[in-house]
Amino acid sequence: MHEALLVMKKDLRLEWRSKVGIGQVLPFSLLVVLLFAFALDPERGVLERVTSGLFWVVVLFSSVLTIERAFSVEANDGIFDALRLSGMAPAAIYAGKVAALTLQLLVVEAVLATAVAVFYDTTWRGPVLSIGVAVIATLGIAGAGAVYGAIAAKLRSGSTLLPLLLLPLLAPVLICATRGFEVALGREAGPGWPWAALLGIFSAVYLTLGALLFRPLLEDA
Amino acid sequence: MEHAVHLRDAVTLLGRFPALAGVDLDVARGEVVLLRGPNGAGKTTLLRLCAGLAPVSSGTAEVLGVDLVARRAGVRRRVGLLGHATFLYEDLSVVENVDFWARASGADVADGRRALDRLQVATRLHHLSVHSLSAGQRRRVSFAAMLARRPELWLLDEPHAGLDANGRDIVDDLVREAASVGATVLFASHELDRAGDVADRTVEVVGGTVVAHDDGGRSPDEVAARA
Amino acid sequence: MTVDNTIPTPTGSATPSGSAASAGGGAGGPMSTSSTATRVLGTISLVGIAALVLFGLVLSPPDAKLGETVRILYMHVPTVSTAYLAFVITAVASVMYLWKRTEFWDLLAASSAEIGVLFFALTILNGMLWGKITWGVFWRWEPRLTTTAVLMLTYIGYLAVRQIPNDTRTRGTVSAVIGIMAIINIPITHKAVDWWRGLHQERTIFGTVNPEMRGLQLFSAYLGLTVFMVLFAWLLIHRFRVAWLTERAADVGVDAAIAERRAERPSGAVTTPAEGGAS
Amino acid sequence: MSDEAYIAIAWIATFSSVGLYSLWVVLRGRKLSRMVPPDERRWL
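Computed from a predicted structure; not experimentally measured.

Participant: Help me understand the interface of chain D and chain C, please; the structure alone is not making it clear to me.
Facilitator: A common way to report how large an interface is uses the accessible area buried once the components associate. Each partner contributes to the interface: chain D provides 31 residues, whereas chain C provides 58 residues. Between chain D and chain C, a total of about 4,000 Å² is buried, with carbon and sulfur atoms accounting for 73% of that surface. When the buried surface of chain D facing chain C is broken down by residue, Trp11(D), Arg34(D) and Arg42(D) rank first, second and third, together holding 20% of it. There are zero salt bridges connecting chain D and chain C. At the junction of chain D with chain C, the criterion picks out three residue pairs in polar contact (both at pLDDT 80 or more). Looking at the side of chain D that touches chain C residue by residue, the classes come out as 18 nonpolar, five polar and eight charged.

Right under this line is the structure:
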């Protein structure tokens, strides 16, 4: 367990030092928010209808960048080999990476939410549901993303492969998170918890699966 | 005396390229063996194979009693590899790196700091981030990170490269000291004069195989006595 | 005419028809990926397809509700079922590969995935054609069509990863991991898409053979299913053997490379494994 | 394009693509079989 914390702290410190997340991923996500506004012509009220969808599309793009960065840092300078030699349990390394990724993505989402509130003048409502959905979805994204991040870091043309591998897999996350937000915003009737429940299943399944599959990835590949 | 490294006709395929094309090599515990040979002969791959990082496509390979064909991950914890890659996070500081790698492998922070001192890494450098260090300093820090793990088998890929004279003396002392406490050292080098007197035995690596075996001036019983 | 097949001569003795002259035994071993098993399956599939065309297009009556479009159902249900079977085989083979680490499971997973993607593509094609007749438009965000499209992308990712030149073990491990991650995604995506689009139940072609079908229609549907399963088995055996031969052909290259690599040594040098410590 | 036309296209497209794929696989099998020494041609 302390190994996982060790890896997480290292990742967060690495992020804090290099400021790639705050310096590059965050501005990128804000940029995309603006681009969508340009594309969808705010006057016609289109933005208001598509806010949660855009939010989660931007989150997915940002997570691809964040995950790619989190694992490319391990890939260069042969650090993957050092991790293998260190004797840390693969599941612990996986847990540490996922925890660090989740925190970073939650920060991105928080800033993004405020930006969307300002630019698209959305008044966020139903905090319990939306925060719950956001946390569960982000865990799922980080859980599946870490496995594909490790794969992408290992293969030569990995960075272009990561979106192709990860985004189709995250389709259900995109659907459920968006619908969950729509319900939270009151733009859609019906209970919100089923969406959160399905997200919970997705995250739980892929977190356990990731922990199991990280061993062969680290050992052999 | 069980061998630290026992390879018979070991082949390593990287993709379709046979980096190692049938290596026969035995290294006793406590022995210091120098790998000599032209670039691209397979020295680095041989070291990575012993570290359990390169696949054994065919043949038999046993390191520290672990059969690498069956489960090559088993040996990794007990092995120290120093390669051209620094194994260091560029954005973290010297101390943060060494602390992380020490604690990651179960050693404690003090081991890391002692290793840094052994490598004579000036304390003023401790809190600099690694990307602002010179190649030689970086090499000392990654050597320290390996030293902190107290590996049983040292696999050094051109340890002297990039080090100044003082640095090379330190490396030689560390190698001798490690061998004296029973660690086994396998290192590749091009500085044959300096490496010659550290090594018990010199082995020639050409075309992905181990070729000539001549004694590096140290008679076997001396090695046996010291192990 | 004995065929000397150690040296790859262009004029193979394989007769044009599917069966090789010296199938199985014979001096040179099989000259193609066919064998008695594939010949049997092959003929059954051909006969089955003929029967399916006869029953599906000619004998069975149009459906009360679906009208003539039920005939596309005879193409559609088999292709989607075969695709899912293929991906289940890929997942099981991937798990076995991670456990047993033998090349057989890796190649089986890869072959099955490739055929699966082909059948998924056909499923989408049939779905769209059916949509054109029923909705007048090729694509609608209809639950099944959408799910199939997304799932196909995950498996295209699987095939893309296998194209990257890598040593077989790395490629095997990575593909196995993706094969397992992708199969788990199928039920979850189904559920998510169902809830998302399934609120208003519009006429949908998908799902298993719907129960109202009677007599010849039901027969044609099940006939289609069995024919495609046999066809899948035939294809899988052939595709697996091709994958197996590809690896062996590459190995031939490797032995040559190893010999070439060893030739780099100065002539006359001999590798005598000196006993450690002993002079 | 009448309904029947689309149905025909569906059937023809399905069988022809499966056919083409099978042809590709069998031919590749034949080509590869010649390049591999006889004893290694079959997994069994």
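Participant: Hey, could you run me through the environment of Leu54(C) in this one?
Facilitator: All names here are of chain C. Mapped onto the elements, Leu-54 comes out in helix H1 (residues 36-59). Residue class for Leu-54 comes out partly exposed when judged on its relative accessible area of 43%. Residues Leu-54 and Leu-151 lie 97 residues apart in sequence; the distance between their C-alpha atoms is 32 Å.

Participant: Please clarify how the pairing of strand E9 (residues 201-206) of chain B should be interpreted in this entry.
Facilitator: Regular strands have side chains that alternate between both faces of the sheet. Residues and elements named next belong to chain B. Of all six residues in E9, six are buried, a share of seventy percent or more. Along E9, one buried face is formed by Arg-201, Val-203 and Val-205 and the opposite face, lined by Thr-202, Glu-204 and Val-206, is buried too. Sheet topology places strand E3 (residues 32-36) next to E9; four bridges connect them, and they run parallel. What sits directly across from Leu-35, in E9, is Val-203.

Participant: Is there a simple way to think about the pattern of salt bridges in this case?
Facilitator: Where side chains of opposite charge bring their charged atoms close, a pairing between them can arise. Applying the stated rule across the entire model yields 30 salt bridges over all chains. With its nearest N and O atoms 3.6 Å apart, the salt bridge here joins Asp91(B) to Arg69(A). Of this pair, Asp91(B) sits in the loop between strand E6 (79-82) and helix H2 (94-104) while Arg69(A) sits in helix H3 (residues 46-75), which puts the two residues in different chains. By relative accessible area, which is 22% here, Asp91(B) ends up partly exposed. According to the relative accessible area criterion, Arg69(A) is partly exposed, its value standing at 23%.

Participant: Looking at this model, I keep getting lost on the packing of helix H3 (residues 103-134) of chain C against helix H6 (residues 215-262) of chain C. Mind explaining?
Facilitator: Geometry of a packed helix pair, given as the angle between the helix axes and the separation of the axes. Residues and elements named next belong to chain C. Two elements in contact, H3 and H6, have axes separated by 9 Å at closest approach and are oriented at 130°. The angle between H3 and H6 places the two elements in the oblique class. Crossing geometry of H3 relative to H6 is assigned as right-handed. The residues of H6 that touch H3, namely those facing Glu-103, Phe-104, Leu-107, Leu-108, Ser-111, Ser-112, Glu-114, Ile-115 and Phe-119, are Phe-228, Phe-232, Leu-235, Leu-236, Arg-239, Phe-240, Ala-243, Trp-244, Glu-247 and Arg-248.

Participant: What exactly am I supposed to notice about the sheet that holds strand E2 (residues 17-28) of chain B here?
Facilitator: As a general point, the strands of a sheet are linked pairwise by backbone hydrogen bonds and lie either parallel or antiparallel. Residues and elements named next belong to chain B. The antiparallel open sheet is built from four strands, whose spatial order is E2-E1-E4-E5. Each edge of the open sheet is held by one strand with a lone partner, namely E2 and strand E5 (66-67). Taken together, the two bridges between strand E4 (residues 58-63) and E5 define a ladder with antiparallel strand orientation. The residue of E5 that forms the bridge with Glu-62 is Asp-67.

Participant: Explain the environment of Arg103(B) here, please?
Facilitator: Mapped onto the secondary structure, Arg103(B) falls in helix H2. The partly exposed category is assigned to Arg103(B), whose relative accessible area is 34%. In the structure, Arg103(B) is positioned 46 residues away from Arg149(B) in sequence and 8.7 Å away in space, judged by C-alpha atoms. Apart from residues lying up to four places away in sequence, Arg103(B) is in contact with Leu6(A) and Val109(B).

Participant: Can you walk me through the interface of chain B and chain A in this structure?
Facilitator: At the interface, 25 residues of chain B touch 25 residues of chain A. Summed over both sides, the interface between chain B and chain A buries roughly 2,200 Å², with carbon and sulfur atoms accounting for 61% of that surface. At the boundary of chain B and chain A, one finds four salt bridges. Among the salt bridges present, the one from Glu96(B) reaches Arg17(A), with a minimum N-O distance of 2.5 Å. Our enumeration of links across chain B and chain A arrives at six residue pairs in polar contact (both at pLDDT 80 or more). With five residues, H2(B) is the largest single contributor of residues to the side of chain B that touches chain A. Of the residues that constitute the side of chain B that touches chain A, the class distribution is twelve nonpolar, three polar and ten charged.

Participant: Help me out: how do you make sense of the arrangement of the chains in this one?
Facilitator: The top pair by number of contacts, from a total of four pairs of chains in contact, is chains C and D. For the non-touching pair chain A and chain D, the nearest C-alpha separation works out to 24 Å. Note that chain B does not reach chain D: the shortest distance linking a C-alpha of one to a C-alpha of the other is 16 Å.

Participant: What is the right way to look at helix H4 (residues 135-148) of chain B in this model?
Facilitator: The α-helix advances 3.6 residues per turn, and as a result positions three or four apart in sequence lie on the same side. Residue and element names in this part refer to chain B. Between its first and last C-alpha, H4 extends 20 Å over 14 residues, near the 20 Å set by a 1.5 Å rise per residue. Most of H4 is tucked away, with twelve of its 14 residues classed as buried. Each element contacted by the buried residues of H4 is listed here: E6, H2, helix H3 (109-118), strand E7 (153-157) and helix H5 (165-180). Arg-150, located one to two residues past H4, shows a positive phi value of around 45°.

Criteria and thresholds
- Residues numbered from 1 in each chain as written.
- Chains lettered and ligands numbered in written order.
- Predicted model: local features only at pLDDT ≥ 70, side-chain atom pairs only at ≥ 80, totals over all residues.
- Heavy atoms only, no water.
- Contact = heavy atoms within 4.5 Å.
- Buried area = accessible area lost by both parts, 1.4 Å probe.
- Salt bridge = Lys/Arg side-chain N within 4 Å of Asp/Glu carboxyl O.
- Polar contact = N/O pair within 3.5 Å; in protein donor to acceptor, adjacent residues only side chain to side chain.
- Nonpolar A, V, L, I, M, F, W, Y, C, P; charged D, E, K, R; others polar.
- Helix = DSSP H or I, 4+ residues; strand = E, 2+ residues; numbered from the N terminus.
- Buried < 20%, exposed > 50% of the residue type's maximum accessible area, 1.4 Å probe, protein only.
- Pairing = 2+ DSSP bridges.
- Axes fitted to C-alpha atoms, helices over the stretch in contact; angles between N-to-C directions.
- Parallel < 35°, antiparallel > 145°, perpendicular 65-115°, else oblique.
- Left-handed = near helix turned anticlockwise from the far one by under 90°.
- Expected span 1.5 Å × (residues − 1).

It is worth stressing that arrangement in space is one thing and function is another; only the former is reported here.
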